[in-house]
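# Observations on chain architecture
So the chains spell out like this:
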Amino acid sequence: MNLNQNTIVGLAELLETAELQAHDVVKITDAHPEMDWDDAYAIQNEILRRKLARGNRVVGLKCGLTSRAKMKQMGVETPCFGFLVDYFTVPDGGEVKIKELIHPKVEPEIAFVLNRPLSGPGCHVGAVLAATDFVMPGIEVIDSRYRDFKFDLKSVIADNCSSSRYVLGGMAVPVADLDLRTLGVVMEKNGQTVAIGAGAAVLGHPAAAIAMLANHLGELGEEIPAGTMILSGGVTEAVSVEAGDHVNLRIQSLGSVSLKFA
Ligand code: OOG
Ligand code: MG
């Protein structure tokens, strides 16, 4: 680690305040080019600590930048991991207030819910499938706190991977009879198709993203607890939204989920 504790606490406060007050900031590596990966996750952890101290609860985890489309769109080559807390949750068909966000985008996701813990190193697609209770369609609303949605990997990790809101819906389907690689994904905005893809866009198999998260936590001596919900990462590029937009996601065999922006 290259940053001292005061700097980590200060940067966490800067980023979390930007989230809560819905204003952007310049990417933090501009002023702290020496920041390393451990610093980045330490800042994210400090944001989590602030939220827990305020009474928020963790309701899930997320993998990000796991598809080529997302990596290319953001100019970043490596996945990142973040957390989801209670107030990020939107009910199926529910409304997100644009005023609470900076410059939101939506992305289609396959959500996993585990019935057994997963630990790394050595976690693989088979272990993930064996520990998965069911999968569901999910729309993630990302909202980078960085100006113009421009960042590098360390800055976005510190910013909890742009986490902001998410909705789950459709059907909860066990994975035994599904081929998650060939599941078709169609996202519509205001009735127009804006993104199409298939599960394999996420690291060749969406379960590989969950395995990567388990291996990442394994390096820290942690595991993914049983019962955890995890977003495996945007299947396609993220799409900008504004007030009045209605977004619908359909995933083959899993049904649909939607949300609107006001
Ligand atoms: C980072 C978060 C990416 C995903 O699914 O790829 C993400 C970003 O693009 O702002 O959630
Ligand atoms: Mg995402």
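Residues numbered from 1 in each chain as written. Chains lettered and ligands numbered in written order. Predicted model: local features only at pLDDT ≥ 70, side-chain atom pairs only at ≥ 80, totals over all residues.

Our next topic: the sheet that holds strand E12 (residues 246-251). One open sheet holds the five strands; their spatial order is E4-E13-E12-E8-E9, and the pairing between them is mixed. A strand with exactly one partner marks an edge of an open sheet, and here the two such strands are strand E4 (95-96) and strand E9 (192-198). Examined bridge by bridge, strand E8 (residues 184-189) and E12 share five bridges and lie antiparallel to one another. Bridge pairing links Val-186 to Arg-250 in E12. (Pairing = 2+ DSSP bridges. Helix = DSSP H or I, 4+ residues; strand = E, 2+ residues; numbered from the N terminus.)

Tracing the sequence through the fold places Leu-249 in strand E12. Among the residues examined, Leu-249 registers 27 C-beta atoms within 10 Å and is labelled buried. The sequence separation of Leu-249 and Gly-82 amounts to 167 residues, and the corresponding C-alpha distance is 22 Å. Excluding residues that lie within four positions of it along the chain, Leu-249 makes contacts with Pro-108, Pro-137, Ile-139, Met-187, Ser-256 and Val-257. (Buried ≥ 20, exposed ≤ 12 C-beta atoms within 10 Å, placed from the backbone. Contact = placed C-beta atoms within 7 Å.)

For the rest of this paragraph, the subject is the environment of Thr-29. When you line up the elements, Thr-29 lands in the loop between helix H1 (5-21) and helix H2 (37-53). Overall, Thr-29 belongs to the partly exposed group, with 19 C-beta atoms counted inside 10 Å. Placed 171 residues apart in sequence, Thr-29 and Ala-200 show a C-alpha to C-alpha distance of 32 Å.

Moving on to the UniProt feature "domain: Fumarylacetoacetase-like C-terminal" (unreviewed entry) in the chain. As annotated in UniProt, the feature "domain: Fumarylacetoacetase-like C-terminal" (unreviewed entry) corresponds to residues 95-258 in the numbering used here. Regarding residues 95-258, the helix share stands at 16% and the strand share at 35%, and the terminal C-alpha atoms are separated by 9 Å. (UniProt positions renumbered as here; feature names shortened; annotations may be inferred.)

This part is about the pairing of strand E13 (residues 255-261). Bridge analysis of E4 against E13 gives two bridges, and the strand direction is parallel. From the neighbouring strand, Val-96 faces E13, where its bridge partner is Phe-261. Bridge count between E12 and E13: six bridges; the pairing is antiparallel. Directly across from Leu-249, in E13, lies its bridge partner Val-257.

In this section: the confidence of the model for the chain. Detail in the predicted coordinates should be disregarded across regions flagged by low pLDDT. Model confidence for the chain is summarised by a mean pLDDT of 97, while 100% of its residues fall at 70 or above. Reported for the predicted complex are a pTM of 0.98 and an ipTM of 0.99. (pLDDT = per-residue confidence, 0-100.)

With that out of the way, let us pick up the nonpolar core. Counting 76 residues, the largest nonpolar core has Ile-43, Ala-111, Ile-139, Ile-210, Leu-213 and Ile-230 as the members making the most contacts within it. The dominant element in this core, judged by the number of residues it contributes, is helix H6 (residues 206-219), at eight residues. (Core = buried A, V, L, I, M, F, W, Y, C linked by C-beta atoms within 7 Å.)

Turning our eyes to something else, we now look at the site of ligand 1. With respect to spatial proximity, 15 residues lie near ligand 1, and among them Gly-64, Lys-70, Ser-162, Gly-233 and Gly-234 are the closest. Among the elements of the structure, strand E1 (58-64), helix H3 (68-74) and strand E6 (132-142) are those that each provide at least two residues to the shell around ligand 1. Considered class by class, the residues forming the shell around ligand 1 number five nonpolar, six polar and four charged. (Near = placed C-beta within 6 Å. Nonpolar A, V, L, I, M, F, W, Y, C, P; charged D, E, K, R; others polar.)

With 17 residues, H2 ought to run about 24 Å at 1.5 Å a step, and its terminal C-alpha atoms sit 24 Å apart, in line with that. Inspection of H2 places Asp-39, Ala-40, Ala-42, Ile-43, Gln-44, Glu-46, Ile-47 and Lys-51 among the buried residues, and these make up the whole buried set. Packing partners of the buried residues in H2 comprise H1, strand E2 (80-85) and helix H5 (153-158). Just downstream of H2, Gly-55 is the residue with a positive phi angle, here 100 degrees. (Expected span 1.5 Å × (residues − 1).)

So, on to H1. With 17 residues, H1 extends 24 Å between its outermost C-alpha atoms, agreeing within 8% with the 24 Å of an ideal straight helix rising 1.5 Å per residue. Looking only at H1, the buried set comprises Ile-8, Leu-11, Ala-12, Leu-15, Glu-16 and Glu-19. One side of H1 holds all its buried residues, which, seen down the axis, span an arc of 125 degrees. Facing away from the buried side of H1 by over 90 degrees, the exposed positions are Asn-6, Leu-20 and Gln-21. Immediately downstream of H1, the backbone of Ala-22 shows phi near 55 degrees, a positive value. (Arc of directions from axis to C-beta.)

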